[in-house]
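Listed below, chain by chain, are the residues.
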Amino acid sequence: MDDSKKSATLTLGETSLELPVLSPSSGPDVVDIRKLYGQMGIFTHDPGFTSTSSCESKITFIDGDKGELLHRGYPIDQLAEKSHFLEVCYLLLYGELPTAPQLEDFENRVTRHTMVHEQMHRFFTGFRRDAHPMAVMVAVVGAMSAFYHDSTDISDPWQREVASIRLIAKVPTIAAMAYKYSIGQPFIYPRNDLDYASNFLRMCFAVPCEEYEVDPILTRAMDRILTLHADHEQNASTSTVRLASSSGANPFACIAAGIACLWGPAHGGANQACLEMLREIGTVDRIPEFIARAKDKNDPFRLMGFGHRVYKNFDPRAKVMKQSADEVLELLGIENNETLKVAMELEKIALEDEYFVSKKLYPNVDFYSGIILDAMGFPTSMFTPIFAVSRTVGWISQWKEMIADPTMKIGRPRQLYTGATRRDYVDVEDRG
């Protein structure tokens, strides 16, 4: 980053301040306003921080206009097509793709940490049977700090490394346990002879009374879902993890904070909202009615799963996810599933209809991932927990990067105060 030559001048009344302009390796320049309050006594106002850079990062870059998502410089479609989730985890964590021995070592370390402390099983019995799996995950992941004291010292690089591996390994187990608890089935222990995605599917769908074998097509689809959601730059949950960690909180608390933020329907619940919309439409013959409603500016109905806030062109993850969706639906069939019939017909119309094409409202990753998870047999309540399983490595990578940054400061956003000015207290008897 070259920040030695460019500058911007801000003038307020008769006072001017020269502000450095930082140039990233990709993306727009950034005006450095760190001295703005100290030298001019003013703040900037940016609700949602959508125009504010809060950190320097080397992990993920998004160009929404081009429809580009890069992890450490590698395009997401190439990683999803040629790589697999744990290799992408290694890339996000350490900055480079691993050699064969490095990947084998990393996979072994993750695999052998997938079991959770046996006492943690007792946590689940404290929840109501109908507790949302995300509520369970927030609590149990946060409680990991009560069991793994040897990996909570953020000043120790080795403890940070151990915590990272533990979280990547154990969050899928916790998510699967939350699901099993919600449906009244016994927990299924992880197996060290299975890959990451197969292990997760087995922990979710196997039962002790019979053998369970994961279909390789479903394993590939799950691995792609995890890969395509692994990190997405400074989104709401990632920023939450960074803000929590800026206080020096332990890694388990920080990731629990990220899970809590992800729970929001405007963030991690997008694929659930998409599937609920498909079910609201109900049957293929009702699609024209809902298409017309989507085009009507006066109708509050909106098609979920089409277009993206960040990607103004197309979602680069959607093309790969569509391939997996087609493979899964071919394997499982959609003949008797009206929701999936609606999804396929709606996709066809959206890709051909001039209204959607002109506005670039293409099906996004949430549209396809929701279809896949539903076809696999997951209830919508599990969609966001699966998102959390995938995003854990992104949160950890961002957390590790922040901890190692010598310029890190505790987060302290400012405000535009519009309340009452100073008032003197009046005794109750004198208030009239």
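Now for a description of the structure that goes with this document.

Calculation rules
Residues numbered from 1 in each chain as written. Predicted model: local features only at pLDDT ≥ 70, side-chain atom pairs only at ≥ 80, totals over all residues. Heavy atoms only, no water. Axes fitted to C-alpha atoms, helices over the stretch in contact; angles between N-to-C directions. Helix = DSSP H or I, 4+ residues; strand = E, 2+ residues; numbered from the N terminus. Parallel < 35°, antiparallel > 145°, perpendicular 65-115°, else oblique. Left-handed = near helix turned anticlockwise from the far one by under 90°. Contact = heavy atoms within 4.5 Å. Buried < 20%, exposed > 50% of the residue type's maximum accessible area, 1.4 Å probe, protein only. Pairing = 2+ DSSP bridges. Expected span 1.5 Å × (residues − 1). Polar contact = N/O pair within 3.5 Å; in protein donor to acceptor, adjacent residues only side chain to side chain.

1. Section: the packing of helix H3 (residues 85-94) against helix H18 (residues 383-403)
Axis separation between H3 and H18 bottoms out at 8 Å; the angle between their running directions is 15°. Our classification of the angle between H3 and H18 gives roughly parallel. Pair H3 / H18 crosses with right-handed handedness. Here Phe85, Cys89, Leu92, Leu93 and Tyr94 of H3 lie close against H18, whose contacting residues are Val389, Ser390, Val393, Ile396, Ser397 and Lys400.

2. Some remarks on the pairing of strand S4 (residues 60-63)
Side chains Thr60 and Ile62 of S4 all project onto a buried face; the interleaved residues Phe61 and Asp63 project onto the opposite face, where all are buried too. Across 4 bridges, S4 lies against strand S5 (residues 68-71) in antiparallel orientation. Bridging from a neighbouring strand, Phe61 pairs with Leu70 of S5. Turn length for the S4-S5 hairpin, with the two strands adjacent in sequence and antiparallel, is 4 residues, and the turn residue Gly67 shows positive phi of about 70°.

3. Here we look at the sheet that holds S4
Strand order in the open sheet made by the 3 strands is S4-S5-S6, with antiparallel pairing throughout. Both outer strands of the open sheet, S4 and strand S6 (74-75), are each paired with one neighbouring strand and no more. Summarising the sheet, S5 and S6 pair through 2 bridges and their orientation is antiparallel. Each residue of the ladder has a partner; that of His71, found in S6, is Tyr74.

4. Observations regarding helix H14 (residues 316-332)
The terminal C-alpha atoms of H14 lie 26 Å apart, and with 17 residues this matches the ideal 24 Å at 1.5 Å per residue to within 8%. Those residues of H14 lying buried are Pro316, Arg317, Ala318, Val320, Met321, Ser324, Ala325, Val328 and Leu329. As for H14, its buried residues are in contact with S5, helix H2 (76-82), helix H9 (216-228), helix H15 (338-352) and helix H17 (365-376). Looking at where H14 begins, the residue whose side-chain oxygen comes 3.0 Å from the main-chain nitrogen of Arg317 is Asp315. Just beyond H14, the residue with positive phi is Gly333, at close to 80°.

In short, geometric facts, not functional conclusions.
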